[in-house]
Amino acid sequence: KVYVINAPWVFQNIWKILKAFLHPNTIAKTCIVGKDYMGELLKEIDINMIPPKFGGKGKWNICQGYLPSDYPIQLTHLNHDEDNLENNNDDDDKE
């Protein structure tokens, strides 16, 4: 599920209109909320899994693009894919 928090009221109203044209599964996987987002997040996410920057009690820092290194769940295949890409690029340089 994707959460868009601190969304401006204009975006929230556009979302209300767009929902009429989207598949119900897409709507169910998307949550657009404004500044009062914490109540909505806590319906499905434990407060200990929300980073402090967003009002939670999580113990990791936000890192753009990848999971924080101290996040309790790691997706190691992401790092392997990046390593493979670098290795493939190195092979291309040798040719």
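(A) A look at the overall build of the chain. What the chain contains, in helices and strands, is 4 helices and 2 strands. Mapped from its N terminus to its C terminus, the chain presents α and β elements in the order β-α-α-β-α-α. By the burial criterion, 16% of the 95 residues in the chain qualify as buried. Within the chain, contacts between residues at least 6 apart in sequence are counted, and of these 35% link residues at least 24 apart. Taken as a whole, the chain presents about 7,600 Å² of accessible surface, with 55% of it coming from carbon and sulfur.

(B) Looking closely at the pattern of salt bridges. Per the stated rule, a full pass over the model turns up 2 salt bridges. A salt bridge links glutamate 44 to lysine 1; the nearest nitrogen and oxygen atoms lie 2.9 Å apart. With glutamate 44 in the loop between α3 (38-42) and α4 (76-94) and lysine 1 in the segment before β1 (2-4), the pair connects residues that are 43 residues apart, well separated along the chain. Like lysine 1, glutamate 44 is exposed. With its nearest N and O atoms 3.2 Å apart, the salt bridge here joins lysine 43 to glutamate 40. When its relative accessible area of 26% is taken as the criterion, glutamate 40 is described as partly exposed.

(C) A look at a nonpolar patch on the surface. A surface patch of nonpolar side chains, amounting to about 760 Å² of accessible area, comprises Trp9, Val10, Ile14, Ile17, Leu18, Phe21 and Leu22. Checked against the element boundaries, tryptophan 9 lands in helix α1 (residues 9-18).

(D) Looking closely at the nonpolar core. Membership of the largest hydrophobic core is limited to 5 residues, which are Cys31, Val33, Tyr37, Leu41 and Ile50. Setting aside its immediate chain neighbours within four residues, tyrosine 37 contacts Ile5, Asn6, Phe54 and Gly55.

(E) Examining the environment of tyrosine 37 more closely. By the element assignment, tyrosine 37 lies in the loop between β2 (30-32) and α3. Sequence separation between tyrosine 37 and tyrosine 3 is 34 residues, and the spatial gap between their C-alpha atoms is 9.1 Å.

The rules behind each value
- Residues numbered from 1 in each chain as written.
- Predicted model: local features only at pLDDT ≥ 70, side-chain atom pairs only at ≥ 80, totals over all residues.
- Heavy atoms only, no water.
- Helix = DSSP H or I, 4+ residues; strand = E, 2+ residues; numbered from the N terminus.
- Buried < 20%, exposed > 50% of the residue type's maximum accessible area, 1.4 Å probe, protein only.
- Contact = heavy atoms within 4.5 Å.
- Areas by Shrake-Rupley, 256 points an atom, 1.4 Å probe, with all protein chains shown as cover.
- Salt bridge = Lys/Arg side-chain N within 4 Å of Asp/Glu carboxyl O.
- Patch = residues over 30% accessible without salt bridge, like charges linked within 9 Å, V, L, I, M, F, W, Y side chains within 5 Å.
- Core = buried A, V, L, I, M, F, W, Y, C linked by side-chain atoms within 4.5 Å.

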